[in-house]
Amino acid sequence: MTLCVRASTPDTADESTGASTSRRTAIALAAAAVGAGSLVALALAPLRWWPLALVGVVISQAIAERWFPRARFLPGFLFALGWFAPATGWMWFLTGPGWIVAVLFFASLHGAATAVASLVPARNARIVVRACAHALAEVVRFSFPFGGVPIASLAIAASPSPAGHLVRLVGPLGTSAWVLLTGAVIVAAVIDSRVRRSFGSRVALVVLVLLVPLARVVPGARDTGDSLRIALVQGGGPQAVLAIDSNPRDVVDRHLAATDTLSPGDDIDVVVWPENVIDVRTFAGSDVADEIVAQAKRLDATFLVGVTESVPNGFTNAQVVVTPDGTIGDRYDKVRRVPYGEYVPLRGLLSAVGAPVGRVPRDAVAGDGTAAVRIGEHVFAVVISWETFFAGRANEGVEAGGSVLVNPTNGSSYTGTLLQEQQVDVGERRHLPAAEAAVGDERRVAGDGGGLWARQVGEHGLPDPAHDCVAEVGGEEAERHGGHPRGPLGGEAVAEVGHRGRRPDGGGPAGRHRRGPWGRHAWIRGIVGARS
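**Comments concerning the overall build of the protein chain**
The number of helices and strands found in the protein chain is 15 helices and 13 strands. Out of the 532 residues belonging to the protein chain, those deemed buried represent 53%. Considering only contacts in the protein chain between residues 6 or more positions apart, those separated by 24 or more positions represent 74%.

**A word on the pairing of strand E6 (residues 328-333)**
In the sheet, strand E5 (residues 314-322) pairs with E6 via 4 bridges, with the strands oriented antiparallel. Within E6, the position partnered with valine 322 by the bridge is isoleucine 328. Linkage of E5 to E6, two consecutive antiparallel strands, is achieved through a turn of 5 residues, within which glycine 326 is found at a positive phi near 90 degrees.

**Thoughts on the nonpolar core**
In summary, soluble globular proteins display a tendency toward joint burial of nonpolar side chains. Grouped together as the largest cluster of nonpolar side chains are 58 residues, with contacts concentrated most on Trp83, Trp90, Leu154, Trp386 and Phe389. A total of 10 residues in this core trace back to one element, the largest contributor, which is helix H7 (residues 167-191). Residues contacting tryptophan 83, with those up to four places away along its chain left out, are Gly37, Ser38, Val40, Ala41, Leu44, His110, Glu138, Ala152, Ser153 and Leu154. Formed by 26 residues, the second largest nonpolar core is a distinct cluster that contains Ala231, Val233, Val280 and Val322.

**Notes on the confidence of the model for the protein chain**
Summing up the model confidence of the protein chain, the mean pLDDT is 76 and the portion of residues at 70 or higher is 74%. Ignoring residues within four places in sequence, the model shows residues 432-458, a span with pLDDT below 50, making 137 contacts including any to other chains. Below pLDDT 50 for its whole length, residues 464-532 participates in 292 contacts with residues either more than four positions away or in separate chains.

**A short note on the environment of valine 34**
Of note, valine 34 is situated in helix H1 (residues 2-43). Classification of valine 34 as partly exposed rests on a relative accessible area of 28%. Linking valine 34 and leucine 78, residues 44 residues apart in sequence, is a C-alpha distance of 5.1 Å. Other than its neighbours up to four places away in sequence, valine 34 contacts Leu78 and Gly82.

**Describing helix H5 (residues 123-143)**
Between its terminal C-alpha atoms H5 stretches 30 Å, which fits the 30 Å expected from 21 residues at 1.5 Å a residue. Buried residues of H5: Arg126, Ile127, Arg130, Ala131, Ala133, His134, Ala135, Ala137, Glu138, Arg141 and Phe142, and no others. Looking at the packing, one finds that the buried side of H5 touches helix H2 (51-67), helix H3 (74-87), helix H4 (96-117) and H7.

**Examining H3**
In this model H3 runs 20 Å from its N-terminal to its C-terminal C-alpha over 14 residues, within 8% of the 20 Å that 1.5 Å per residue would give. Residues Pro75, Gly76, Phe77, Leu78, Phe79, Ala80, Gly82, Trp83, Phe84 and Ala87 constitute the buried set of H3.

**Some words on the packing of aromatic side chains**
All told, the structure shown has 12 aromatic pairs when counted by the stated rule. Pairwise contacts between aromatic rings join Phe79, Trp83, Phe84, Phe105, Phe106 and Phe144 into one cluster. For arginine 141, the ring lying beneath its charged end belongs to phenylalanine 106, and the centroid distance is 5.3 Å.

**Details of the pairing of strand E4 (residues 302-311)**
The element E4 is largely enclosed, with a buried count of 8 among its 10 residues. Strand direction decides the pairing type here: strand E2 (residues 270-272) and E4, joined by 3 bridges, are parallel. From the neighbouring strand, valine 270 faces E4, where its bridge partner is threonine 302. Relative to E4, strand E3 (residues 278-280) runs parallel, the two being bridged by 3 bridges. Each residue of the ladder has a partner; that of valine 280, found in E4, is glutamate 309. Each parallel crossover has a hand, and for E3 linked through helix H11 (residues 287-299) to E4 it is right-handed. One ladder, built from 9 bridges, connects E4 with E5; its direction is antiparallel. Following the sheet pairing, phenylalanine 303 is matched in E5 by valine 322. Hairpin remark: E4 followed by E5, antiparallel, with 2 residues in the connecting loop.

**Digging into the environment of tryptophan 386**
Looking at the secondary structure, you find tryptophan 386 in the loop between strand E8 (378-382) and helix H13 (391-399). With 50 residues separating them in the primary sequence, tryptophan 386 and arginine 336 have C-alpha atoms 7.1 Å apart. Discounting chain neighbours no more than four positions away, the residues touching tryptophan 386 are Trp90, Gly148, Val149, Ile151, Lys334, Arg336, Arg337, Val338, Pro339 and Gln423.

**Looking at a nonpolar patch on the surface**
A cluster of nonpolar residues, Ile186, Val190, Ile191, Leu205 and Val209, forms a patch on the protein surface that exposes about 390 Å² of accessible area. Secondary-structure elements contributing two or more residues to the nonpolar patch are H7 and helix H9 (199-216). The element best represented in the nonpolar patch is H7, accounting for 3 residues. As for its placement among the helices and strands, isoleucine 186 is situated in helix H7.

**Section: a negative patch on the surface**
On the surface, Asp226, Asp267, Asp269, Asp300 and Glu377 cluster together into a patch of negative charge. Along the chain, the position of aspartate 300 falls in the loop between H11 and E4.

**Quick word on the packing of H7 against H9**
Axis separation between H7 and H9 bottoms out at 11 Å; the angle between their running directions is 150 degrees. With respect to each other, H7 and H9 are oriented roughly antiparallel. As for how H7 packs across H9, the hand of that crossing is left-handed. For the pair H7 and H9, the contacting residues are Arg168, Leu169, Trp178, Leu181, Thr182 and Val185 in the first and Ser201, Leu205, Leu208, Leu211, Val212, Leu214, Ala215 and Arg216 in the second. Classifying every residue of the contact of H7 with H9 by side-chain character gives 10 nonpolar, 2 polar and 2 charged.

**As for unusual backbone geometry**
Among all residues except glycine, the phi angle is most often negative; among peptide bonds, the trans geometry is most common. Each neighbour pair has its own omega, and for alanine 45 with proline 46 the value is 15 degrees, a cis peptide bond. You will see that phenylalanine 146, though not glycine, has its phi angle at about 55 degrees, which is positive. Here phenylalanine 146 lies in the loop between H5 and helix H6 (154-158). The exposure class assigned to phenylalanine 146 is partly exposed, which follows from its relative accessible area of 37%. In the Ramachandran plot, asparagine 276 falls in the positive-phi region, its phi being about 40 degrees despite a non-glycine side chain.

What counts, and at which threshold
- Residues numbered from 1 in each chain as written.
- Predicted model: local features only at pLDDT ≥ 70, side-chain atom pairs only at ≥ 80, totals over all residues.
- Heavy atoms only, no water.
- Helix = DSSP H or I, 4+ residues; strand = E, 2+ residues; numbered from the N terminus.
- Buried < 20%, exposed > 50% of the residue type's maximum accessible area, 1.4 Å probe, protein only.
- Contact = heavy atoms within 4.5 Å.
- Pairing = 2+ DSSP bridges.
- Core = buried A, V, L, I, M, F, W, Y, C linked by side-chain atoms within 4.5 Å.
- pLDDT = per-residue confidence, 0-100.
- Expected span 1.5 Å × (residues − 1).
- Phe/Tyr/Trp six-rings, centres within 6.5 Å; stacked < 30°, edge-to-face > 60°.
- Lys NZ or Arg CZ within 6 Å of the ring centre and 35° of its normal.
- Right-handed = clockwise from strand over helix to strand, strands pointing away.
- Patch = residues over 30% accessible without salt bridge, like charges linked within 9 Å, V, L, I, M, F, W, Y side chains within 5 Å.
- Areas by Shrake-Rupley, 256 points an atom, 1.4 Å probe, with all protein chains shown as cover.
- Salt bridge = Lys/Arg side-chain N within 4 Å of Asp/Glu carboxyl O.
- Lys, Arg positive; Asp, Glu negative; His and termini not counted.
- Charge placed at Lys NZ, Arg CZ, Asp CG, Glu CD.
- Axes fitted to C-alpha atoms, helices over the stretch in contact; angles between N-to-C directions.
- Parallel < 35°, antiparallel > 145°, perpendicular 65-115°, else oblique.
- Left-handed = near helix turned anticlockwise from the far one by under 90°.
- Nonpolar A, V, L, I, M, F, W, Y, C, P; charged D, E, K, R; others polar.

In structure tokens, the structure reads:
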């Protein structure tokens with residue numbers, strides 16, 4: 001009996017040691033998976049350490065292979081958890097519970113991607129299928145729920161990098177797929193020496209690499225030589241202020257005060273006010289409309305102002321054109337609303353369980369018009385705030401003839417600038433070798449068009465100095481693609497601003513290149529072409 005006990009003791013000890021080692025390994029792999037996702041988050045604004053996006057993808061693929069076949073769902077789930085939890089943290093200021101649910105849902109999509117890929121027995125094929133499955137998970141996230149939540153993507157992380165130009169060729173989803181597939185090829189080559197030596201893998205890597213310079217030379221449009229002088233007004237004010245806790249008139253007064261700093265001698269063509277600066281029951285015939293008309297007459301400039309109006313089922317969110325002769329012109333009503341920011345899905349259910357739906361007491365009514373307005377001889381493509389994340393909205397406005405793209409925004413509800421900086425990067429990834437005019441935060445002006453000083457978050461005033469914005473329209477290459485300013489592979493259309501970078505008095509170059517965060521702002525880009 002004694003011999004039996006002694007004979008079993010080492011086996012029991014070995015099993016205990018093995019189980020402990022297995023647990024430690026699992027914990028280490030789980031931590032590494034979350035860490036890999038965190039690297040992707042660090043590649044996004046505000047740090048923009050863009051090489052970390054590819055590093056994170058490579059590590060996540062390696063971890064998934066190390067974990068296979070014991071854990072199939074967890075590697076992708078934990079990777080996405082580390083990615084989206086910090087990168088979507090701004091959602092907490094809309095709805096804390098909603099942020100938690102959204103992060104878990106996004107993570108589950110990527111967990112499902114690794115689970116599906118695990119069904120493939122061949123290792124190298126499994127790695128590639130896993131990358132494709134992650135790309136499909138992003139397709140779902142861009143479309144569902146509530147029309148999609150296309151934020152914190154790999155395409156946005158890549159925007160400051162050379163690969164950022166890919167969005168013009170293959171769109172944001174294609175750019176995300178490029179990052180995932182490049183990571184898959186790298187992992188397969190590192191793990192298997194046969195892959196490193198194979199002709200097919202070398203060709204795949206060369207093709208992926210060559211797509212980057214190819215995207216930079218996607219043909220654009222001709223310069224018409226036309227120009228507009230556009231003033232961007234920022235009223236400023238504190239962040240973390242909800243509409244229900246503020247006086248709408250205070251916001252109008254701030255913007256009127258900033259507009260008063262412009263003079264007729266500035267020779268302004270268009271003045272842009274940010275999203276929902278004006279909150280009235282009906283804009284036409286209101287006292288605020290009269291004040292805007294007075295300013296338009298004083299400056300002999302057309303205004304494009306953000307207006308919210310009361311309607312029976314809630315409120316509208318629009319950019320409205322006001323001309324110097326007092327005419328209320330075109331308007332564009334926001335189509336893509338912010339879930340739990342401008343409307344509350346499942347309001348009745350959430351109210352029944354005690355959720356704070358009163359923070360958004362009325363739901364915004366979605367518009368259904370084309371994302372463009374006409375100002376004189378020019379068409380302005382308009383994407384209001386959140387809509388900038390949806391490539392189709394910008395494409396629609398440019399394809400409607402837009403020669404300037406505006407993205408008026410109100411970021412006053414949030415604390416910090418995480419979302420606003422992602423908006424900046426989305427805009428930057430659409431740019432051509434030109435410049436952007438921006439108001440809201442300090443930031444670098446992209447390209448060759450000079451520079452400007454922009455305002456910090458919450459700061460009152462206008463960019464100093466003002467700039468001439470060169471407006472260009474789709475030319476020969478757009479016509480070759482059937483007259484639509486979109487690339488042959490369905491990438492994003494481009495509408496940007498090239499400005500001449502002169503002071504109002506014409507005295508030399510304006511400012512120097514800067515970059516930084518921005519909050520409540522309007523920003524604008526003139527079209528240097530309708531490129532994809």
